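Survey of secondary and tertiary structure
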Amino acid sequence: MFPWFDIRSINLINFLFVNLIVTVVVLGGLLATIEKHLPTAIRQTFRYGKHALKGTPDRLVSLLEVPKAWFKHFYVFAAIWAVAGFTVMIQTYISGKPAPDYVIAFLDTMATNKRMVRTTPSETMIAMTLITLQCLRRFYETWFVQVFSSKLKINLSAYLVGYIHYFGTIVAILSQAEGFTRTGPVSLPTNGYRFEPTVSLGLAIAVFQYAWYHQYRSNVILANLRKDKSGKVVNQKHSLPTGDYFEVVSSPHMFFEIVMYVVLFAILHRNSSMVYVLLWVLSNQLMNSWLTHQWYEENFPNYPKQRKALIPYVL
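Residues numbered from 1 in each chain as written. Predicted model: local features only at pLDDT ≥ 70, side-chain atom pairs only at ≥ 80, totals over all residues. Heavy atoms only, no water.

Named according to an unreviewed UniProt entry, the protein chain is Polyprenal reductase originating from Anopheles culicifacies. Quoted verbatim from the Catalytic activity (unreviewed entry) heading of the UniProt record, the comment on the protein chain is "a di-trans,poly-cis-dolichal + NADP(+) = a di-trans,poly-cis-polyprenal + NADPH + H(+)". Under the UniProt heading Pathway (unreviewed entry), the entry covering the protein chain gives this text: "Protein modification; protein glycosylation." (UniProt positions renumbered as here; feature names shortened; annotations may be inferred.)

A separate point is the UniProt feature "domain: 3-oxo-5-alpha-steroid 4-dehydrogenase C-terminal" (unreviewed entry) in the protein chain. In this numbering, the UniProt entry assigns the feature "domain: 3-oxo-5-alpha-steroid 4-dehydrogenase C-terminal" (unreviewed entry) to residues 201-315. Here residues 201-315 is 57% helix and 0% strand, with 28 Å between the C-alpha atoms at its ends. (Helix = DSSP H or I, 4+ residues; strand = E, 2+ residues; numbered from the N terminus.)

Relative orientation and spacing of two packed helices are given, respectively, by the angle between their axes and the distance between those axes. Direction vectors running N to C along helix α6 (residues 121-144) and helix α8 (residues 199-224) enclose 5°, while the axes themselves pass 11 Å from each other. When the interaxial angle is binned, α6 and α8 end up roughly parallel. For the pair formed by α6 and α8, the contact residues are Ser122, Glu123, Ile126, Leu130, Leu133, Gln134, Arg137, Arg138, Tyr140 and Glu141 on the first element and Leu201, Ile205, Phe208, Gln209, Trp212, Gln215, Tyr216 and Asn219 on the second. Residues of the contact of α6 with α8, tallied by class, amount to 9 nonpolar, 5 polar and 4 charged. (Axes fitted to C-alpha atoms, helices over the stretch in contact; angles between N-to-C directions. Parallel < 35°, antiparallel > 145°, perpendicular 65-115°, else oblique. Contact = heavy atoms within 4.5 Å. Nonpolar A, V, L, I, M, F, W, Y, C, P; charged D, E, K, R; others polar.)

Helical geometry: 3.6 residues make up each α-helical turn, so side chains three or four residues apart lie on a common side. With 26 residues, α8 extends 38 Å between its outermost C-alpha atoms, agreeing within 8% with the 38 Å of an ideal straight helix rising 1.5 Å per residue. Taken together, the buried positions of α8 are Leu201, Ala204, Phe208, Ala211, His214, Gln215, Ser218, Asn219, Ile221 and Ala223. (Expected span 1.5 Å × (residues − 1). Buried < 20%, exposed > 50% of the residue type's maximum accessible area, 1.4 Å probe, protein only.)

Here we come to the environment of serine 289. Its location among the elements puts serine 289 in helix α10 (residues 274-299). Expressed as a C-alpha distance, the spacing of serine 289 and tyrosine 213, which sit 76 residues apart in the sequence, is 19 Å. Ignoring sequence-local partners within four residues, the contact set of serine 289 consists of Ser251, Met254, Ala309 and Leu310. Looking at serine 289, its side chain comes within polar contact range of the main-chain oxygen of leucine 286, at 2.9 Å. (Polar contact = N/O pair within 3.5 Å; in protein donor to acceptor, adjacent residues only side chain to side chain.)

What follows is about the environment of valine 18. With respect to the helices and strands, valine 18 occurs in helix α1 (residues 12-34). Judged by its relative accessible area of 33%, valine 18 falls in the partly exposed class. Spatially, the C-alpha atom of valine 18 lies 8.7 Å from that of valine 277, the residues being 259 residues apart in sequence.

Right under this line is the structure:
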């Protein structure tokens, strides 16, 4: 219909993440400043879980809510999608040939057909390995460790955002990787792709693994608040967590989520899409941690004053 228009010239991944960032920043800012003047529909849409809206809910918004336990669904997707991306990457780099044409065509559609090579095989392999480990661990946690309340709801939009996040992050990582674009060296080295580990990449792996482990510990601590010593679920109430980084911050699992994405950005800093992924994670975790910290202070009169909302000893 419009021969001059080519959807592949629009970076849909950047577009998705920019929209997520703008939405959470605008709505989060409104909640932080003039929440009491906002319509119930807006407040109910944004708030969920332990800091869900108190009072009479909006009927229409309520129809668009699903159980919070459905969080588990998008980690099934995340695990499958990450493993698929990891598999294609491994096959590409082991074979020494560019990725299959259907993969490159898909990336052209999602991230434009003008993509340039901005990350090395070493950087891509490390980043894809780390994000795949994260997706697999979160799948395990949500299905076999965490205890979701049967009463709590989330808005359908928040549920769908989980799919968008992991879909977009995997696509962003591969979109500007060597072997996954139509631009780059005319011919590959004789021995295929070159892998050049460096001290900085080794440090990035170490920091990511530290954050990965302590996020897991944080989620185990939260889950154990609803279990007895034998591991049996005995309640679904929200209690005050203690231990590990909970001693200095209200939401260490959110803090370490940010740390992991800062590491991914550091590894792939030349990838122009990763800045949008990082800004989305920062804005989303900042707002959720602020709401959680606020809830703890309201519901626990003797809440430890040394605990910050998100960043230990700082924020």
